[in-house]
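Listed here are the chains, written in short residue letters.
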Amino acid sequence: MEHDEAPRPGSPRSVIDPGPSDKTLLTLQEKHISTHVWNTCEDPNVPDRVINVRHAATHDHRAIPEEIEPWLRLAGFYHVARLRNHEIDHSLVSALVERWRPETRTFHMRMGEVTVTLEDVHHLLGLPTDGEVVSGRHGRHPFNQLVNDYLGVNPQAGRDLSGGLLGLHFLRQKFRDYARHANTKRCGTYSWGSAVLAVLYKELCKVTDRRRSEMGGCALLLQLWAWTRFPPISPGIPEVTDVHAAYGHRFNSYDVRQTVCTHIRRYRHRLDVMRRREFCWRSYLGFEGHPPPSDTARRWISVCPLICYQVVVYQQPD
């Protein structure tokens, strides 16, 4: 059901049941965070749940060194490397999670259902969305074993490896003459965009459980998507400064002080009253930007399942 106009305060439509009225599809409502919010919103002693998003933010955005630019292009990471690693608005992410449904992998809004798609990944991050599937073993495995499997080297715990962090000194020593290694060229044959989207889906599904307080995945993608699709809560979309960059590159000039809403309740309210015409359904119409991954000039093609180990989602990019 879609609503174009927001309800007036005090009107019959302003008081709603969080639902669902039919539980044959939305079967996870009882442990969904929205139920907790609905049941405790009037209790001043219950704090709002604001998710801690695991994200490494760098405040100093520097240009890519000329020496590694061709290798980043070859690996398919050039455009995403040019994006500024913004601070994540935890309140914005938390408000979106409250509307995410694991059963449908969509955000349930008053104007309809919306979600992050492969098209968004392609335009916002500039990652390849077609090619070989990025997959792997499910479950917990020693990180040094994964490094050995995929890089062919054995880091020493405590010296080269700390938890899931691999020291740059180790990589510099082992791959100093990187031109001799074929890993970079092979890396560019994978659909990294679909892998990023699949992991984001998985993390969104997990964090809808109110008992969880942390979220992983590419929160930068989610935030750029929200800024692009929801103009009323966006800091504003700047003019294009580089026609060859990814669409998300235009937000590099964003200042955290430009945030429209500063509290999760303000985001909730703004999403509650948002009208259908305020949502940007065709964000990239007319955007040409960086070259598409296909040989066609006006459309792009991606044939790849999103494999999240536990969930396989097939998308039609058109």
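Just above, that's the structure.
Presented here is a report on the structure given in the accompanying data block. Since the structure is predicted, the reported quantities are computational estimates derived from the model, not experimental observations. (Residues numbered from 1 in each chain as written. Predicted model: local features only at pLDDT ≥ 70, side-chain atom pairs only at ≥ 80, totals over all residues. Heavy atoms only, no water.)

## Some remarks on empty space enclosed by the protein
Move 1: Per the stated rule, a full pass over the model turns up 2 cavities of 30 Å³ or more.
Move 2: Each pocket or cavity is described by its volume, and for the largest cavity that value is around 80 Å³.
Move 3: Taken together, Ile33, His36, Val37, Thr40, Cys41, Val46, Pro47, Asp48, Arg49, Arg265 and Arg268 form the lining of the largest cavity.
Move 4: Only helix H1 (33–40) and helix H11 (264–273) provide two or more residues apiece to the lining of the largest cavity.
Move 5: Considering each element in turn, the lining of the largest cavity owes the most residues, 4 residues, to H1. (1 Å grid on protein atoms, 1.4 Å probe; cavity = no way out; pocket = protein on both sides within 12 Å on 5 of 7 lines; lining within 4 Å. Points joined across faces, edges and corners; volume = space filled by probe spheres on them. Helix = DSSP H or I, 4+ residues; strand = E, 2+ residues; numbered from the N terminus.)

## Quick word on the packing of helix H5 (residues 118–125) against helix H10 (residues 219–229)
Move 1: For the pair H5 and H10, the least separation of the axes is 10 Å and the interaxial angle reads 95°. Between H5 and H10, the crossing angle belongs to the class labelled roughly perpendicular. Residues Glu119, Asp120, Val121, Leu124 and Leu125 of H5 form the contact with H10, whose own contacting residues are Leu221, Leu224, Trp225, Thr228 and Arg229. (Axes fitted to C-alpha atoms, helices over the stretch in contact; angles between N-to-C directions. Parallel < 35°, antiparallel > 145°, perpendicular 65-115°, else oblique. Contact = heavy atoms within 4.5 Å.)

## Thoughts on the pattern of salt bridges
Move 1: In this structure the tally under the stated criterion is 13 salt bridges.
Move 2: A salt bridge links Glu203 to Arg54; its shortest N-O distance comes to 3.9 Å. Of the two residues, Glu203 is situated in helix H9 (residues 192–207) and Arg54 in the loop between strand S1 (52–53) and helix H2 (69–75); the sequence distance between them amounts to 149 residues.
Move 3: Taking the relative accessible area as the measure of exposure, Glu203 reaches 10% and is therefore buried.
Move 4: Between Arg211 and Asp209 there is a salt bridge, with the nearest N and O atoms lying 2.7 Å from each other.
Move 5: On the accessibility criterion, Arg211 (67% relative accessible area) is exposed.
Move 6: Judged by relative accessible area, which is 12%, Asp209 ranks as buried. (Salt bridge = Lys/Arg side-chain N within 4 Å of Asp/Glu carboxyl O. Buried < 20%, exposed > 50% of the residue type's maximum accessible area, 1.4 Å probe, protein only.)

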